[in-house]
Amino acid sequence: MRVSYKWLREYVPVEQSPEELADLLTMAGLEVDNIIDLGASYRGLSLGQVISLKPHPRADQLSVCGIRLPDGEVTVITAATNLKVGDIVPLVLPGSTLPDGKVIQPTEFQGIVSQGMLCSEEELGLARKSEGIMVLPPDTDIKADLPSILGLDDHVLVLELTPNRADCYGMLNVAREVAALTGTQVKLPVSTVQEELEQSIHDLVTVEVVDPDLAPRYAGRVLLNVKVGESPLWLKTRLLAAGMRPINNLVDLTNYVMLEFNQPLHAFDLNLMKDRKIVVRSAREHELIQTLDGEERKLKRGQLVIADAERPQCIAGVMGAFDSEVTAATNSIFLESAYFSPVSIRRTAQELAIRSEAAIRFGKGLDPETVPMALDRVASLVQQLKVAQVAKGVIDQNSRPTVARKIWFRPERINALLGTQLESAYMTEIFQRLNFQTEADTAAGKTYLVPPSYRLDIENEADLAEEVARIYGYNNIPAAYPAAQIIGRLTPEQEFSAQIRNILLGLGLSEIITYSFHGEKMFDRLNIPEGHQLRQSVKMMIPLSEEGSLMRTTLLPGVLESLSYNASRNHHDLQVFEMAHVYQPKADAGELPNEPLHLAGGLSGRVYEPGWNQNNREVDFYDGKGLLETLLAHLRVEGISFRRGEHPTMHPGRTAVLEVAGRQVGFVGEIHPTVKKEFDLTAPVILFELNLEVLWSAVDKEIIRVMPLPKFPPVLRDLAFILPENIKAQAVTALFREFGGEKLEAVSLFDVYQGEHIPNGYRSLAFSLTFRIPDRTLQDEEVNTIMEAIVKAATERFGAQLRS
């Protein structure tokens, strides 16, 4: 939900700055995820006055405009025909940027250079389509700030609402929250409707609600002599602040009231409704409807529609039909305001994969009492703007009147739940600020609280306690540990997970927690082919959206989304990990899935933070491999080996598969270029993922063994072989250990070389070998014997040549 700071102040006297208000709302449970400076993209634009206007000498369709600026004059070429001398217009000068990001440069038109561009409402983002240049009022000061003139000198608070606070999808309910938090009063809009026409709504339209269980309340008004056109500037800017594009005055008003009251409305062209009849019914099996987005959709029983005498004209609460859309030719309208079953709307939207503003609100549950208020608000605004005239009467079929919820108010119980000692009078004041009503049952000696109708989330005493905590301030509640009778402990597997977390945090990685579901398109973004085992996923029966319909089979989506999110904010140097479950379906569809614990991570950008004593080296494959080697060494995992491998998300030839005791545990490598581009990543990215359940089986679970420091000196030898390129260093190391046995303490590859003096198809590998035994000093003759055996075996097995 996007909350306009200026719009909010029309309802409640906010003295806090946008940043202070954001902190206040966040601490009260309405998290503000972002604050947007709405006027930022308009501040590079200028205002000017047309001082001359003449045809282009060599282009019939163009005009040459002389524009006076506060600090000079410029010449601009335009094809617009709506200008005259004296007009005040917005323009973009060379080097400045339009709101859509386009940079304007001087451009020559038939020998005359245009020193900028005059802007239409469409180019300013104020209209979907517009003809001609936007002309501002004649008394506009050209020195003024354009965002202020347009009403865009505003900040937008982006709320990340939890499912229980769906009421705050409406500006008025956000204003009520702010008033409760600041101790001020809300100024509600007054809706005065004058029914100007003698024609009765009952003579103009017939409404029949066939399925009252799916549409418990259905109301409507008829508007006549409609004049569909452009919306006033104030209305457009309100919608832009809310993230919606203006369409026309009538549709914009319904969207405005939806944002204001959290009550979606829909306008039907009454002349296009067969027999002027409105039928609220369940769809027939395989019934077809073409929705406003141009898609033809096949409906099924149980999906609620608004139909005329013949066919559906709207998928109730989800999207209207193309056939009854309001157009410039519309002159009579049936305006709908309704309360639909949230479960029905939510299921229909999910089945049809439609995510509209109306469906979101209806699906979360609305206040039935708001239905007539929103209807009257639109009718009042229609009259104020002279858009239409209102027919006499209202149709309001309410089959399920709202029953007030009463909750026992026990201050001592609330204090017990919160661990506070607040006075009863203070709690009563809080509930009065939140518009709760108080009812006393003197006979029973009880007091009840009645929440306002729009607070559908208030059901019991725990909810009352939460309201007190929110307004009192969570930060004011003293921290206290609950008394525990039994001291718990972690299982060995949990200790293993905690150890992994601590090791990775100690290595400088940051832990992330991401969603455990995604959509089908994520597999395409990860470059996972059809039929791959990672596509065998658990499908959610009732997904929140199409993007969250599948349970994850890998942790890579969350890691990559996190890297992409940060990269879009110019934070490229990251080292993150996530430890969580993935979900693998079983053969039997009725069984619960396997949920193995996985570890995944990503390294991107530079290895070190910029500094005078650090280089700017970027991450590569060996950083990821070294990280896993360090982790596995601390975990006391034995029998580790890396081999060249493949993974559809990873770069071919730059990926290794990790095996422990012959079992594949995971992989590490560089991201595939296609996937990298898909997630808008520009810096190098290294990914890894491990199956911790497989890894746990290979962990040495015995008591840690302590070995004394060696008493005897080592014998150090270097050995360099020229080998075919296909011989792996790991195979050579295994040969060393085979012949060195217990006398070979360590092997290290310290040089790889290809070039001069090395034949094509070969490379030089140089190793450092350390020999030592714990009970005596090794003699050179013993080591020489081993070295000779190694050289002989390497020559026979690998065709190696000793490099001198």
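The structure under discussion appears in the preceding block.
A brief look at the structure comes next. (Residues numbered from 1 in each chain as written. Predicted model: local features only at pLDDT ≥ 70, side-chain atom pairs only at ≥ 80, totals over all residues. Heavy atoms only, no water.)

### Some remarks on the overall build of the protein chain
Line of reasoning, step 1. Along the protein chain, the regular secondary structure elements total 21 helices and 38 strands.
Line of reasoning, step 2. What you see for the protein chain is a C-alpha radius of gyration of 35 Å, clearly larger than the 28 Å of a compact globule of 804 residues, by over 25%.
Line of reasoning, step 3. Relative to its full complement of 804 residues, the protein chain shows a buried share of 49%.
Line of reasoning, step 4. Sequence-distant contacts in the protein chain: of pairs separated by 6 or more residues, those separated by 24 or more amount to 69%. (Helix = DSSP H or I, 4+ residues; strand = E, 2+ residues; numbered from the N terminus. Rg over C-alpha atoms; globule rule 2.2 N^0.38 Å. Buried < 20%, exposed > 50% of the residue type's maximum accessible area, 1.4 Å probe, protein only. Contact = heavy atoms within 4.5 Å.)

### Details of unusual backbone geometry
Line of reasoning, step 1. Positive phi is not limited to glycine here, since His-286 has a value of about 65°.
Line of reasoning, step 2. Note that His-286 resides in the loop between β14 (277-282) and β15 (288-290).
Line of reasoning, step 3. Non-glycine residue Asn-570 carries a positive phi angle of around 65°.
Line of reasoning, step 4. Examined against the element boundaries, Asn-570 turns out to sit in the loop between α16 (556-567) and β29 (574-581).
Line of reasoning, step 5. A relative accessible area of 64% places Asn-570 in the exposed class.

### Thoughts on the pairing of strand β6 (residues 88-92)
Line of reasoning, step 1. In terms of residue burial, β6 counts as a mostly covered element, since 5 of its 5 residues are buried.
Line of reasoning, step 2. Here β6 shows two buried faces, one formed by Ile-88, Pro-90 and Val-92 and the other by Val-89 and Leu-91.
Line of reasoning, step 3. In terms of strand pairing, β6 meets strand β9 (residues 117-118) through 2 bridges, oriented antiparallel. Across the sheet, Val-92 pairs through a bridge with Met-117, a residue of β9. (Pairing = 2+ DSSP bridges.)

### With respect to the pattern of salt bridges
Line of reasoning, step 1. By the definition in use, this model includes 48 salt bridges.
Line of reasoning, step 2. Its salt-bridge partner being Asp-620, residue Arg-617 comes within 3.8 Å of it at the nearest N-O pair.
Line of reasoning, step 3. When its relative accessible area of 32% is taken as the criterion, Arg-617 is described as partly exposed.
Line of reasoning, step 4. Measuring nitrogen to oxygen at the nearest pair gives 3.2 Å for the salt bridge that ties Arg-654 to Glu-670. Pair noted here: Arg-654 is in strand β32 (residues 650-660) and Glu-670 is in strand β33 (residues 663-671), with a separation of 16 residues, a long-range link.
Line of reasoning, step 5. In this structure Glu-670 comes out as partly exposed when scored by relative accessible area, which is 22%.
Line of reasoning, step 6. In the salt-bridge network here, residues are joined through shared partners; they are Arg-165, Asp-167, Glu-177, Arg-455, Asp-457, Glu-467 and Arg-470. (Salt bridge = Lys/Arg side-chain N within 4 Å of Asp/Glu carboxyl O.)

### Details of the sheet that holds strand β23 (residues 407-408)
Line of reasoning, step 1. Pairing in this open sheet of 3 strands is antiparallel, and the strands run β23-β25-β24 from one edge to the other. Every other strand in the sheet has two partners, leaving β23 and β24 (437-441) as the edge strands with one partner each.
Line of reasoning, step 2. Of the pairings in the sheet, the one linking β24 to strand β25 (residues 446-450) comprises 5 bridges and is antiparallel in character. Opposite Gln-437, over in β25, you have Val-450 as the bridge partner.

### Description of the sheet that holds strand β31 (residues 640-644)
By way of backbone hydrogen bonds, the strands of a sheet pair with one another, either parallel or antiparallel.
Line of reasoning, step 1. Ordered in space as β26-β29-β30-β34-β33-β32-β31, the 7 strands form an open sheet in which the pairing is mixed. Where the open sheet ends on each side, the last strands, each with one partner, are β26 (510-511) and β31.
Line of reasoning, step 2. Pairing analysis gives 2 bridges linking β26 to β29, with the strands arranged parallel. Across the sheet, residue Ser-510 finds its bridge partner in β29, namely Val-576.

### Thoughts on the packing of helix α7 (residues 249-261) against helix α10 (residues 370-384)
Line of reasoning, step 1. Between α7 and α10, the least distance of the axes is 10 Å, while the angle of their chain directions is 140°. Overall, the two elements α7 and α10 adopt an arrangement that is oblique. Considering how the two elements wind past one another, α7 and α10 form a crossing that is right-handed. From α7, Leu-250, Leu-253, Thr-254, Tyr-256, Val-257, Glu-260 and Phe-261 reach across to α10, where they touch Thr-370, Met-373, Ala-374, Arg-377, Val-378, Leu-381 and Val-382. (Axes fitted to C-alpha atoms, helices over the stretch in contact; angles between N-to-C directions. Parallel < 35°, antiparallel > 145°, perpendicular 65-115°, else oblique. Left-handed = near helix turned anticlockwise from the far one by under 90°.)

### Notes on the nonpolar core
It is characteristic of soluble globular proteins that their nonpolar side chains tend to be buried jointly.
Line of reasoning, step 1. With 118 residues, the main nonpolar core has Leu-8, Tyr-218 and Phe-340 as its most contacted residues.
Line of reasoning, step 2. In terms of residues, this core owes the most to one element, helix α4 (residues 171-182), which gives 8 residues.
Line of reasoning, step 3. With residues near it in sequence (within four places) discarded, Phe-340 still touches Leu-214, Ala-215, Pro-216, Tyr-218, Leu-304, Ile-306, Ala-316, Gly-317, Ile-345 and Phe-362.
Line of reasoning, step 4. In terms of nonpolar packing, the next biggest core, distinct from the first, is built from 34 residues, Val-619, Leu-632, Val-637 and Phe-688 among them. (Core = buried A, V, L, I, M, F, W, Y, C linked by side-chain atoms within 4.5 Å.)

### A word on helix α20 (residues 729-740)
Line of reasoning, step 1. Spanning 12 residues, α20 covers 16 Å between terminal C-alpha atoms, matching the ideal 16 Å at 1.5 Å per step.
Line of reasoning, step 2. Burial in α20 covers these residues: Val-732, Leu-735, Phe-736 and Gly-740. Each buried residue of α20 sits inside an arc of 120° when the element is viewed along its axis, so together they form one side.
Line of reasoning, step 3. In the segment just after α20, Gly-741 is the residue with positive phi, at about 55°. (Expected span 1.5 Å × (residues − 1). Arc of directions from axis to C-beta.)

### Notes on the packing of helix α6 (residues 233-241) against α7
Line of reasoning, step 1. Relative orientation of the contacting elements α6 and α7 amounts to 50°, with a least axis distance of 10 Å. Considering their axes alone, α6 and α7 lie oblique with respect to each other. The element α6 and its partner α7 pack so that their crossing is left-handed. Facing Trp-234, Leu-235, Arg-238 and Leu-239 of α6, the residues of α7 in contact are Asn-249, Asp-252, Leu-253, Asn-255, Tyr-256 and Leu-259.
Line of reasoning, step 2. Taken together, the residues that form the contact of α6 with α7 break down as 6 nonpolar, 2 polar and 2 charged. (Nonpolar A, V, L, I, M, F, W, Y, C, P; charged D, E, K, R; others polar.)

### What about the side chain of Arg-165?
Line of reasoning, step 1. Relative to the elements of secondary structure, Arg-165 occurs in the loop between β10 (155-160) and α4.
Line of reasoning, step 2. Within the structure, the side chain of Arg-165 is placed 2.9 Å from the side chain of Asp-167, a separation counted as a polar contact.
Line of reasoning, step 3. Among the polar contacts made by the side chain of Arg-165, one reaches the side chain of Glu-177 at a distance of 3.0 Å.
Line of reasoning, step 4. Excluding residues within four positions of it along the chain, Arg-165 makes contact with Leu-30, Glu-177, Arg-455, Asp-457 and Arg-470. (Polar contact = N/O pair within 3.5 Å; in protein donor to acceptor, adjacent residues only side chain to side chain.)

Don't take any of this as a statement about function, it's just geometry.
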